[in-house]
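Given next are the chains, with one letter for each unit.
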Amino acid sequence: MRLVDVAELTQGELCKGTPELEITGVASVTEAVPGDITFFYNPRYLSALRSCKAAAVLVPRDFSEDVPAALIKVDSPSAAFAAVVQHFAPPAIVFDKGVHPTAIIGKGVELGPDVSVQAYVVIEAGARIGARTIIGAYSYIGHESRLGDDCFLHARVTVQDRCLIGNRVILHPGSVIGADGFGYESVNKKYVKIPQTGIVQIDDDVEVGANTTIDRARFGKTWIQEGAKLDNLVMIGHNVTIGAHSILCANVGVSGSSKIGAYTTLAGQAGVVGHVEIADGIIVAAQAGVTKSLSNKGIYVGSPAEPMESFKKKMAYLSRISKLHERVKALEPKK
């Protein structure tokens, strides 16, 4: 791929380098070899970029550093690099349309045009599958569930009874949609199961990671709104609402009936107690524990979670405790 072709593909500006230069591969800044193209957006990698052996690099529009490689300035180096990677990547896997002979299709199931149902899939009675949706091997679709158009369910996905899945939803291997919520009542010193009669609703353009679980509601619905992205090993409790275009990273847990706002980020291993609300645009840092509702936009850290500025002050005080202890000890009268 010529450098000028890369600039055209990424809608970038070739501001340094020979247009006919051949690009033969893609790699990270630290692993690139001659002939490769890489990308740069994080200042911490600037020193690595200066010694990088790549033939060319995709950089932000305001990049002004002097580096040896040819430069293409783009709006988003990461997105531009992804487009170039697609050029060098192996062809995408294509699934055969139709129903595999080993699949089991229940009564009254509706399959849209060009659906692909892979080996050993079970689709229960009354389910409806939208056009061009792919259902991976060994997946299970429960009674009266609805899947929209252009969904991709990887192998061994479970969608339980009556759940609603929108268009262009991606469910990765092992994800379970609509298992019972964790609801029990103590009666005579024994836990009695509370029926979980609600559903899970997943809106358009949501992606759910591998082995992530989204529990059905006790009543009503557990709701994952449009464009939300859930990483691997995320746990969503019953009657939770995840706002549109929010990001939940690995090992996040959200307890029942909590509401997460739109464009919110819950970083890795963050936890949210039940029956609280997190407002739009808030960032909860890794391993933070949310124990009460958060209404003011900002970054929250620690357990219990608090605004980053107050958390930093406390950490600064804690770091000086040993010195304070020595000063107090020196002031004590000697016996």
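Placed above this text is the structure.
All of these numbers come straight from a predicted model, not from anything done at the bench.

Trainee: Got a sec to walk through a nonpolar patch on the surface? Specific residues and values, please.
Mentor: On the surface, a cluster of nonpolar side chains totalling about 200 Å² of accessible area is made up of V99, I105 and L111. Mapped onto the elements, I105 comes out in strand β7 (residues 104-105).

Trainee: I'd like a rundown of the packing of aromatic side chains, residues and numbers included.
Mentor: The full count for this structure, using the stated rule, is six aromatic pairs. The interplanar angle of 70° and the centroid separation of 5.5 Å between the aromatic rings of F40 and F63 together place this pair among those described as edge-to-face. In this pair, F40 is assigned in the loop between β3 (36-39) and α2 (46-50) and F63 in the loop between β4 (56-60) and β5 (70-74), connecting sequence segments 23 residues apart. Neither residue differs from the other here; F40 and F63 are each classed as buried. The side chain of R156 reaches across the aromatic face of Y138, ending 4.4 Å from its centre.

Trainee: Could you give an account of the sheet that holds strand β24 (residues 213-215), naming the residues involved and the relevant values?
Mentor: Read across the open sheet, the ten strands follow the order β7-β10-β13-β16-β19-β24-β27-β30-β33-β36; overall the sheet is parallel. Strand pairing shows two members of the sheet lacking a second neighbour, β7 and β36 (289-290), which therefore form its edges. As paired strands, β7 and strand β10 (residues 122-123) are joined by two bridges and run parallel to one another. For I105, the partnering residue across the bridge sits in β10 and is I123.

Conventions used here
- Residues numbered from 1 in each chain as written.
- Predicted model: local features only at pLDDT ≥ 70, side-chain atom pairs only at ≥ 80, totals over all residues.
- Heavy atoms only, no water.
- Patch = residues over 30% accessible without salt bridge, like charges linked within 9 Å, V, L, I, M, F, W, Y side chains within 5 Å.
- Areas by Shrake-Rupley, 256 points an atom, 1.4 Å probe, with all protein chains shown as cover.
- Salt bridge = Lys/Arg side-chain N within 4 Å of Asp/Glu carboxyl O.
- Helix = DSSP H or I, 4+ residues; strand = E, 2+ residues; numbered from the N terminus.
- Phe/Tyr/Trp six-rings, centres within 6.5 Å; stacked < 30°, edge-to-face > 60°.
- Buried < 20%, exposed > 50% of the residue type's maximum accessible area, 1.4 Å probe, protein only.
- Lys NZ or Arg CZ within 6 Å of the ring centre and 35° of its normal.
- Pairing = 2+ DSSP bridges.

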